[in-house]
Amino acid sequence: MNAANRLPAHFDFTVEGMTCASCVGRVERALKKVPGVQEAVVNLATEKASLQLDDPAQAAAILPLAVAAIEKAGYAVPQQTVDLQVGGMTCASCVGRVERALKKVPGVQGASVNLATERAAVQVNDGTDVGALIAAVAKAGYEASVVPQAGSGKAVDDAAAERQAQERASLQRALIFAAVFALPVFLLEMGGHMVPAFHHWVSHTIGTQNSWYLQFALTAVVLCGPGRRFFEKGIPALLRGAPDMNSLVAVGTSAAFAYSVVATFVPQWLPAGTVNVYYEAAAVIVALILLGRFMEARAKGNTSEAIRRLVQLQAKTARVRRDGAVLELDIAQVHAGDVIEVRPGERIPVDGEVVEGQSFVDESMISGEPVPVEKTVGAEVVGGTVNQNGALVFRATKVGADTLLAQIIRMVEQAQGSKLPIQALVDKITMWFVPAVMAAALLTFAVWLVWGPAPALSFALVNAVAVLIIACPCAMGLATPTSIMVGTGRAAQMGVLLRKGEALQQLKDAKVVAVDKTGTLTKGRPELTDLVLSDGLQRSQVLAQVAAVEDRSEHPIARAIVDAARAEGLQIPAISGFESVTGFGVRAVVDGHRVEIGADRFMRELGLGVDGFAAEALRLGGEGKTPLYAAIDGRLVAMIAVADPIKPTTRPAIEALHALGLKVAMITGDNRHTAEAIARQLGIDEVVAEVLPGGKVETVQRLKAEHGTLAYVGDGINDAPALAEADVGIAIGTGTDIAIEAADVVLMSGDLSGVPNAIALSKATMKNIGENLFWAFAYNVALIPVAAGLLYPFNGTLLSPVFAAGAMALSSVFVLSNALRLKRFKAPL
């Protein structure tokens with residue numbers, strides 16, 4: 001029975017915008033005009049339209065026409081995106097197969113499958129059966145499950161993470177197993193070809209025939225053990241008429257093995273001079289392809305780590321006041337309007353508004369700024385941020401999937417799951433290369449069988465096998481991963497960690513580098529940057545007295561002054577009469593002297609003019625710093641500035657980026673005055689200030705549209721969505737784990753100097769990969785016709801499968817040797 005005939009005859013979906021019976025009639029008439037619609041019934045109360053089709057098998061084609069008819073009539077069919085975790089994909093042909101299967105499901109408007117994240121984003125009409133999506137993926141030969149929403153209270157796809165870990169472990173075991181058994185096969189056969197003395201030794205000890213028996217046994221173990229996965233996936237794909245890389249590996253290895261078995265056990269079936277074995281080709285192919293698969297699996301395993309770490313920031317429970325009692329509730333049980341208590345040091349569970357208490361809250365995960373923010377009654381708090389030194393009571397305003405943290409998680413998921421513009425080059429080429437090679441082998445067999453000399457069948461078999469062996473994808477499989485492996489190793493020596501191979505491909509095309517300010521351009525923590533003294537005063541004495549007063553305050557600016565005094569080895573004296581003057585500053589008595597510290601308005605309140613520091617205050621303002629003043633015994637003695645200082649390596653790195661022809665933009669949550677002051681100091685081309693995470697993503701999208709390929713550099717949790725949205729996300733290694741996991745590149749040194757180094761390495765590595773791919777495919781293009789016997793009519797030349805295997809091995813050696821040249825790469829900085 002055809003699968004399409006099993007589909008239901010009725011299809012329901014939601015219609016928005018209807019207000020009366022005339023709307024119902026209008027929608028029904030519009031639907032009945034759609035070709036293939038037998039009956040249409042619209043219900044105003046439920047806002048549902050139910051269709052009965054003439055041929056349910058054509059539902060996938062008819063339903064989009066029905067939706068278009070409703071929209072043309074002035075109404076809307078709401079859509080939603082369903083995220084599926086898809087298992088079992090190995091190459092680009094798998095991606096295409098899953099997308100085609102999903103798009104055939106009635107109600108699906110679009111589907112995008114990402115091989116790296118192993119996810120599918122499916123746009124469907126409201127009311128579409130998610131089970132039908134999962135069933136369609138399963139029918140195509142893969143596994144699918146729904147990805148839980150961020151903030152839903154569910155675990156973040158632990159099953160998928162566990163499956164990926166199991167896959168990596170399985171590939172590692174298979175690789176080791178295949179290598180152990182393939183190595184003696186390779187040495188026994190190819191060792192004799194490369195070292196004649198070894199060939200003679202084998203002949204006089206083991207014996208050639210016994211050597212073939214041993215190779216047969218070892219290769220059979222490799223093919224039936226670790227190599228079985230290629231046959232289990234490749235043969236069904238071949239039978240469906242959609243061959244993939246597994247199919248080529250399966251056919252190539254089985255052809256080499258089958259020919260060798262004939263040569264070993266019934267050599268009389270083969271023409272004279274063609275009795276050779278190619279066990280080493282079959283065994284080594286399996287080991288090398290498994291090596292590539294293992295490296296891919298290990299890289300893909302990190303894609304969901306950023307999401308898992310973000311979810312770990314969500315509090316698991318909350319203390320909620322209900323019915324006169326305080327209850328410890330699971331976070332999923334918290335509702336908007338609940339009153340929640342938070343103790344010092346605890347993470348704030350959901351978004352809300354403070355109704356009692358006062359404290360400082362570390363909001364660096366949201367704002368990117370290192371200075372904790374004071375929270376009093378009426379202030380907003382954000383779920384996932386950390387309460388520091390006071391008790392707070394707040395009313396929940398957003399819970400679950402509506403919290404800011406949940407939105408950040410969704411943004412990272414969407415950016416990581418989006419369809420990349422550049423897919424794996426080898427997979428793209430394989431889509432036509434694999435069937436072309438198989439067609440060439442079949443054509444070779446047919447031509448020799450019809451027009452070849454006697455024994456035509458043997459010649460046909462030998463030359464068809466030669467075509468398959470010469471086209472075996474060893475060099476093709478090694479071309480990209482070996483260059484990436486050597487390139488990333490050299491990058492690590494330079495302090496640049498390339499977490500994803502795609503970054504190498506994208507970095508070379510970068511046109512603009514966008515950077516976060518705090519922790520990226522700057523050190524990420526407030527420090528005492530300026531202490532300007534009145535004439536005749538000693539720095540150590542004034543700083544010690546000012547620090548003594550500030551030591552009573554928990555404000556981050558006060559802590560920076562105290563830390564500076566201690567760093568200079570100053571003894572902080574005792575104080576008395578400490579007083580905080582709200583809105584102005586603080587005062588206390590230190591060693592019998594009255595010390596008062598605050599803004600310029602505090603000094604004017606005390607009757608002290610600050611004009612003597614006017615020139616220095618103007619300089620500090622130009623640098624984006626806000627000065628404080630200190631008075632001792634009624635005399636103005638010092639001007640103080642605390643700021644987040646620029647890293648000394650920042651300016652040379654930006655100059656190097658400009659030298660590479662790149663535009664540099666700064667995107668920050670800091671205030672515009674400070675951001676523009678820093679940009680002037682560093683020569684930054686464009687400034688976008690006072691933005692939250694969503695604004696950073698929008699800015700990244702705009703810059704990409706205006707300039708092209710974009711690399712984003714950041715260090716905070718608030719940078720995670722922008723890092724994921726950028727073509728290449730670059731995280732400062734001294735930043736948060738979340739930023740690092742969301743990024744493609746991590747600068748281990750903690751400064752920008754790694755960015756120009758990474759871009760230069762990207763160009764060198766991609767050039768190396770291009771050379772490898774050219775060689776991997778050029779020798780196929782040149783030698784496949786020779787293997788097919790093209791030269792035979794002219795000079796009697798036939799390419800024996802043994803030379804085909806040798807050419808395959810030489811291509812792999814060339815690829816490896818060429819990749820190793822990247823070890824000598826010189827960094828520009």
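Residues numbered from 1 in each chain as written. Predicted model: local features only at pLDDT ≥ 70, side-chain atom pairs only at ≥ 80, totals over all residues. Heavy atoms only, no water.

J.: Give me the lowdown on the sheet that holds strand 13 (residues 373–375), citing residues and values where you can.
T.: Across the sheet, 3 strands lie side by side as 13-12-15; this open sheet has antiparallel pairing. In the strand order of this sheet, the two ends are held by strand 13 and strand 15 (386–387), each with one partner. (Pairing = 2+ DSSP bridges. Helix = DSSP H or I, 4+ residues; strand = E, 2+ residues; numbered from the N terminus.)

J.: Break down the pattern of salt bridges for me, with residues and values.
T.: Overall, the coordinates contain 24 salt bridges when judged by the stated rule. Salt-bridge contacts for Arg 322 lead to Asp 338; the nearest nitrogen and oxygen are separated by 2.7 Å. One end of the pair, Arg 322, is in strand 8 (residues 317–322); the other, Asp 338, is in the loop between strand 9 (325–330) and strand 10 (339–342), with 16 residues separating them in the sequence. Where Lys 696 meets Asp 719, a salt bridge forms, and the shortest distance between an N and an O atom there is 2.7 Å. Of this pair, Lys 696 sits in helix 24 (residues 693–707) while Asp 719 sits in the loop between strand 27 (710–714) and helix 25 (720–725), and the two are 23 residues apart along the sequence. By relative accessible area, Lys 696 is classed as buried at 0%. Residue Asp 719 is classed as buried on the basis of its relative accessible area of 0%. (Salt bridge = Lys/Arg side-chain N within 4 Å of Asp/Glu carboxyl O. Buried < 20%, exposed > 50% of the residue type's maximum accessible area, 1.4 Å probe, protein only.)

J.: How would you explain the sheet that holds strand 8 if you had to name every residue and give the values?
T.: Read across the open sheet, the 6 strands follow the order 9-8-10-16-11-14; overall the sheet is antiparallel. The sheet is open, and its two borders are formed by strand 9 and strand 14 (380–381), each paired with just one other strand. Of the pairings in the sheet, the one linking strand 11 (residues 351–357) to strand 16 (residues 392–398) comprises 6 bridges and is antiparallel in character. If you follow Glu 356 over to strand 16, its bridge partner there is Val 393.

J.: Please provide a residue-by-residue account of the packing of aromatic side chains, values included.
T.: Think of a pair of aromatic rings as described by two things: how far the centres are apart, and how the planes are tilted against each other in angle. With the rule as written, the count across this model stands at 9 aromatic pairs. Between Phe 216 and Phe 257, the ring centres sit 5.8 Å apart and the planes meet at 15°, which makes this aromatic pair stacked. Placement of Phe 216 in helix 7 (residues 208–224) and of Phe 257 in helix 9 (residues 245–265) is noted, with a sequence separation of 41 residues between them. Classification of Phe 216 by relative accessible area gives partly exposed; the value is 26%. These aromatic residues form a ring-pair network of at least three members: Tyr 213, Phe 216, Phe 257, Phe 265 and Tyr 279. (Phe/Tyr/Trp six-rings, centres within 6.5 Å; stacked < 30°, edge-to-face > 60°.)

J.: Tell me what's going on with unusual backbone geometry, and back it up with residues and numbers.
T.: Even without a glycine there, the phi angle at Asp 323 is positive, about 55°. In this structure Asp 323 comes out as exposed when scored by relative accessible area, which is 83%. The backbone of Glu 690 shows a phi angle near 60°, a positive value even though the residue is not glycine. The residue Glu 690 is located in the loop between strand 26 (686–688) and helix 24 in this model.

J.: Describe in detail the UniProt feature "transmembrane region" (unreviewed entry) in the chain, supporting the description with residues and values.
T.: The positions UniProt marks with the feature "transmembrane region" (unreviewed entry) are residues 174–198, 210–227, 248–270, 276–295, 429–451, 457–480, 773–792 and 798–820. Helix makes up 83% of residues 210–227 and strand 0%, and the two end C-alpha atoms of the span are 24 Å apart. The straight-line gap between the two end C-alpha atoms of residues 773–792 is 29 Å; of that span, 80% is helix and 0% is strand. (UniProt positions renumbered as here; feature names shortened; annotations may be inferred.)

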